[in-house]
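Residue-level listing of the chains:
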Amino acid sequence: MPNLNQLVLTASDYKVLIIIPTGTGTSLTFPMLTADMIEWTNASENEDIYAIGIEDPVGNKSNANKYSGKFSLQNGELSAMLQLCGMKTAIQIRNATLAITAIVGGYSKVYSGLNVNSEGNSVKAKDKQSIVSLDWNAISIT
């Protein structure tokens, strides 16, 4: 039986980096040190094409791509990033770049033109950590 361990990626194999424009003509690069979840979805709008007198589609076309996702990290890490970029909230992050790579297996996705669309925070009594959740959309992938 072959050993396929190099094809199995665990959460610890991934590295995530975000490059945030500061609005002063510069950008700052941050490795995400405390991210506890990252999710990305690549989708394409689909439309089935029908013809009169035929029940099944005669074709199927795609023409609009969408790149979106979520990630969550410690509120303290996000706060430090935002302060360094001169921002008060993550929804001010516009035209950023998000790189998701895995050291093993050669996995790599880079999303460009990324905007953070929502920032969700929640803290309750006796919490040992405070996690912030961010939703994002990007305009391209390489």
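Our structure is the block above this text.
Just so it is clear, the model here is predicted, and its values are computed rather than measured. (Residues numbered from 1 in each chain as written. Predicted model: local features only at pLDDT ≥ 70, side-chain atom pairs only at ≥ 80, totals over all residues. Heavy atoms only, no water.)

Structural notes on the overall build of the protein chain
We apply this condition: We count a stretch as a helix when DSSP gives it H or I for four or more residues in a row; a strand needs E for two or more, and each element gets its number in order from the N terminus. The reference for a compact globule is 2.2 Å times residues^0.38; the radius of gyration itself is calculated from the C-alpha atoms. Whether a residue is buried, partly exposed or exposed follows from its accessible area with a 1.4 Å probe, protein chains only, as a fraction of its type maximum: under 20%, in between, or over 50%, in that order.
For the protein chain, the count of helices and strands is one helix and eight strands. For the protein chain, the succession of helices and strands along the chain, N to C, is β-β-β-β-α-β-β-β-β. A globule of 142 residues ought to have a C-alpha radius of gyration of about 14 Å, yet the protein chain, at 19 Å, is considerably larger. Dimensions of the protein chain along its principal axes, counting C-alpha atoms only, are 65 × 50 × 40 Å. Scored against the burial criterion, the 142 residues of the protein chain give a buried share of 25%.

Brief notes about unusual backbone geometry
We note that Asn95 has phi near 60°; this positive angle belongs to a residue other than glycine. With respect to the helices, strands and loops of the structure, Asn95 is situated in the loop between helix 1 (75-85) and strand 5 (96-102). Take Asn95: its relative accessible area is 52%, and that puts it in the exposed class. You will see that Lys126, though not glycine, has its phi angle at about 70°, which is positive. Note on placement: Lys126 falls in the loop between strand 6 (108-121) and strand 7 (131-138). Since its relative accessible area comes to 76%, Lys126 is described here as exposed.

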